[in-house]
Amino acid sequence: MSVGRPEKPLAQDAGPATAFALELRRLRAAAGSPSYRELARRALFSASVLSDAAAGYRLPTLQVALAFAEACGGDRAAWERRWRAAAGSAGDEPAPAAAKTAHQAPEPRLRAAAVRALLPVPAQLPTEPRPLAGRSRELAAARALTAPADGPVPPLLIHGQTGAGKSALALRLAHELAADLPDGQLYVGLGAADDGRKDAAGIAGGLLQSLGIPAEHIPNDPAQRIGLYRSVLAERRLLIVFDGTLQERQVRDLLVAGEHSRILVTARSRLLGLDGVRRLALPVLDRDESMELLAGVLGTERLRGAPRAGLLLAEACGDLPLALTLAGRRLAARPEALLPEAVAELVRADGLSARLRVGDESLVERYEDAYRRLTPRARLILHRFATAGTTPSVDGVTHASATALARAIEPVHGGSAQEPTHGPVPGSPHGPALGSVLGPAHGPALGPAHGPAVGPAYGPAGELVAELVEEPVEDLLEAVVDSGLLERTDVPGLYGLPPLVGQFARTRPVPATDAPAPGRHRPPDVPAAQRHRVPDERPGLPRHDRPFPALRQETSA
């Protein structure tokens, strides 16, 4: 007899339901008393649902009763007759006109035995992409957030910057959870290759087919299809991973808090539009964890012979797991090279980010995917951040305040030429001097960092310098954070630029701020005679007291 879920006490006397449950228990005993976990694998219902069926507090549905009986080797027709007799005695038997026998109309669910013959229990989790170095704190936190509780467990969203190892952590957790979720593990990739085209209804249809629901029984109506998906999730012990989510709309209707199933979501963005989820922020590794990762890729003996080279590489990579993994693979492919010399060659000058490419894995391609989803002004603020020339902190991260960055991108109304400003920005002890970022021809803007500018502004040559919309700098910065290219700090209004993102941004051309934003139309051309005019303030439009107006930045993951 296998060890599994303990038998629930039989109801004292619930009439026909108790008698029917007792018969189910005798059938299970005659089959060798398989565990409810094993029965769940055969019946395609969760162990808790089957255990409830044999508890006798209420009569199970016909589908559950037949699946239980078949899983124990019982005859389907005989057990259907028993169930109908029990339902009739309990007053639950449907009217003859409404009742449908097995030979009159097929049940909406495939017979459990037929499903098992056609499709195995889905086990779609990919292999873990690389050994998970460190992450003991984050993994412990994720386990706690997905542990069984008194009631439904909300989905878990793991978010962090590009290359932080969100998928690796989610897959490690998923493989651990899979042992207690025997009805299947489902995996949906929603990353750059899909580019956000999958919608919730389409995803739900694919998941239902993976669970053995025939296509003819999957509703065409999106709402009904999602309703069927939720119903199946309520009956079974499933694990679902939505990896690389780009937008809230892809998964909003698919996220269900359940007692028996678990849902994991990964995204660069915090997906603040989602309600009822638990969030876990994933930072970069600490230095000891970075060395552990390199030892796993390069070999402990090789790294032990040149620890300074490993520390140099970890610092150059900003302790980013993906960067360390790609760099380690490049070095591992040259076992004959001396590690200090190979590392020095790899991190030379300012081009490490472009050299982190192994096969079809490329850090720059990840950055490009995030960068192209930004609006022109968000690209501009990232570019100016990277070219500010400030001294990085100990961990290689460059810090700047929202105030400094506001001065970095706002042109002067009227296009008067001014010299660049230098020195610390008032109100920002940490921020770099980013005054003349549009060039000396345009000069710095001295307006408030928090106040949105209104209307287009033009330079002395009549060019459109920037399309100034109601979008405070904080909103731009938060959008870049959600793209995975910027870090938030514990200091309000202070942001950090990872070193490899800085290298990448410096190789991009200066963004054309008159280009249309992703998914937006280019504004109509303005006559040359009006290009030096500054539009009047619109009455009633506040400039400084709206810290977070509606975002115009495309949410990216």
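Residues numbered from 1 in each chain as written. Predicted model: local features only at pLDDT ≥ 70, side-chain atom pairs only at ≥ 80, totals over all residues. Heavy atoms only, no water.

A. Summary view of the overall build of the protein. Helix and strand counts for the protein stand at 22 helices and 12 strands. Within the protein, the proportion of its 557 residues that are buried is 51%. Look at the contacts in the protein between residues 6 or more apart in sequence, and 74% of them connect residues 24 or more apart. Approximately 25,400 Å² of the protein is accessible, and the part contributed by carbon and sulfur atoms is 54%. (Helix = DSSP H or I, 4+ residues; strand = E, 2+ residues; numbered from the N terminus. Buried < 20%, exposed > 50% of the residue type's maximum accessible area, 1.4 Å probe, protein only. Contact = heavy atoms within 4.5 Å. Areas by Shrake-Rupley, 256 points an atom, 1.4 Å probe, with all protein chains shown as cover.)

B. A look at the environment of Ala327. The topology assignment puts Ala327 in helix α15 (residues 321–332). Residues Ala327 and Leu298 lie 29 residues apart in sequence; the distance between their C-alpha atoms is 9.7 Å. Leave out the neighbours within four places in its chain, and Ala327 touches Leu313, Cys317, Leu346 and Leu356.

C. The arrangement of the pattern of salt bridges in detail. Following the criterion strictly, the structure yields 21 salt bridges and no others. Overlapping salt bridges bring together Arg268, Asp369, Arg372 and Arg373 as one network. (Salt bridge = Lys/Arg side-chain N within 4 Å of Asp/Glu carboxyl O.)

D. Structural detail: helix α19 (residues 376–386). Within α19, 10 of the 11 residues are buried, which leaves the element mostly enclosed by the surrounding structure. Within the sequence span of α19, burial applies to Pro376, Arg377, Ala378, Leu380, Ile381, Leu382, His383, Arg384, Phe385 and Ala386.

E. How the structure looks around the sheet that holds strand β1 (residues 156–160). An order of β2-β3-β4-β1-β5 is seen for the 5 strands of this open sheet, with the pairing classed as parallel. With partners counted over all chains shown, the strands left at the sheet margins are β2 (185–189) and β5 (278–282), one partner each. Geometrically, the sheet is characterised by an average inter-axis angle of 15° between neighbouring strands, direction not taken into account. With 5 bridges joining them, β1 and β5 adopt parallel strand pairing. Opposite Leu157, over in β5, you have Arg279 as the bridge partner. Sitting on the sheet, helix α9 (residues 200–210) is in contact with β2 and β3 (239–243), with an inclination near 150° to β2. (Pairing = 2+ DSSP bridges. Axes fitted to C-alpha atoms, helices over the stretch in contact; angles between N-to-C directions.)

F. Structural context of the nonpolar core. One finds Leu313, Leu363, Leu382, Leu485 and Leu486 to be the most contacted residues of the largest nonpolar core, which totals 57 residues. A per-element tally of this core places α15 first, with 6 residues. In this structure, Leu382 is in contact with Tyr371, Leu374, Val480, Leu485, Leu486, Leu497, Val501 and Ala505, ignoring residues within four places of it in sequence. (Core = buried A, V, L, I, M, F, W, Y, C linked by side-chain atoms within 4.5 Å.)

G. Structural view of the sheet that holds strand β11 (residues 487–488). The 3 strands lie next to each other as β8-β12-β11, forming an open sheet whose pairing is antiparallel. Two strands bound the open sheet, and with one partner strand each, they are β8 (398–401) and β11. Bridge count between β8 and strand β12 (residues 494–497): 4 bridges; the pairing is antiparallel. Counterpart to Ser401 in the pairing with β12 is Leu494. This element, helix α21 (residues 473–482), spans β11 and β12 of the sheet and lies at about 40° to β12.

H. Geometry of the packing of aromatic side chains. For the structure on display, the rule yields 4 aromatic pairs. The interplanar angle of 80° and the centroid separation of 5.8 Å between the aromatic rings of Phe20 and Trp79 together place this pair among those described as edge-to-face. Of this pair, Phe20 sits in helix α1 (residues 16–30) while Trp79 sits in helix α5 (residues 76–90), placing them 59 residues apart in sequence. For the residue pair Phe20 and Trp79, the accessibility class agrees, reading buried in each case. Seen from their ring centres, Tyr367 and Phe504 are 5.5 Å apart, and the 50° between their planes marks the pair as tilted. On the criterion of sequence distance, the pair formed by Tyr367 in helix α18 (residues 363–371) and Phe504 in helix α22 (residues 499–507) is long-range, its members being 137 residues apart. The residues Tyr367 and Phe504 share a single accessibility class, namely buried. Over the face of the ring belonging to Tyr36 we find Arg28, whose NZ or CZ atom lies 4.2 Å from the ring centre. The lysine or arginine in question, Arg82, covers the ring of Trp79, its NZ or CZ lying 4.5 Å from the ring centre. (Phe/Tyr/Trp six-rings, centres within 6.5 Å; stacked < 30°, edge-to-face > 60°. Lys NZ or Arg CZ within 6 Å of the ring centre and 35° of its normal.)

I. Quick look at the side chain of Arg225. Note that Arg225 resides in helix α10 (residues 222–235). One buried charged residue, Arg225, forms no salt bridge at all, with the nearest opposite charge on Asp199 at 6.5 Å. One polar contact links the side chain of Arg225 to the main-chain carbonyl oxygen of Pro219, over a distance of 3.0 Å. Aside from chain neighbours lying at most four places away, what touches Arg225 is Ala201, Gly202, Ala204, Gly205, Leu208, Ile218, Pro219 and Asn220. (Lys, Arg positive; Asp, Glu negative; His and termini not counted. Polar contact = N/O pair within 3.5 Å; in protein donor to acceptor, adjacent residues only side chain to side chain.)

J. Just the packing of helix α12 (residues 287–298) against α15, in detail. It is at 9 Å that the axes of α12 and α15 come closest, and there the two elements cross at 30°. Relative to α15, the crossing made by α12 is right-handed. Between α12, through Ser290, Leu293, Leu294, Val297 and Leu298, and α15, the contact on the second element is made entirely by Pro321, Leu324, Thr325, Gly328, Arg329, Leu331 and Ala332. Along the lines of polarity and charge, the residues of the contact of α12 with α15 split into 8 nonpolar, 3 polar and 1 charged. (Left-handed = near helix turned anticlockwise from the far one by under 90°. Nonpolar A, V, L, I, M, F, W, Y, C, P; charged D, E, K, R; others polar.)

K. Local environment of unusual backbone geometry. Even without being a glycine, Leu271 presents a positive backbone phi close to 50°. Structurally, the position occupied by Leu271 is in the loop between β4 (262–267) and β5. What makes Leu271 buried here is its relative accessible area of 0%.

L. Focus on the pairing of β1. Here β1 lies mainly inside the structure; 5 of its 5 residues are buried. Pairing analysis gives 4 bridges linking β1 to β4, with the strands arranged parallel. What sits directly across from His159, in β4, is Ala267.

M. Region of the structure containing the environment of Leu62. Structurally, Leu62 can be placed in helix α4 (residues 62–71). Along the sequence, Leu62 and Glu80 sit 18 residues apart, while their C-alpha atoms lie 7.2 Å from each other.

Remember that the coordinates give geometry; whether it matters functionally is a separate question.
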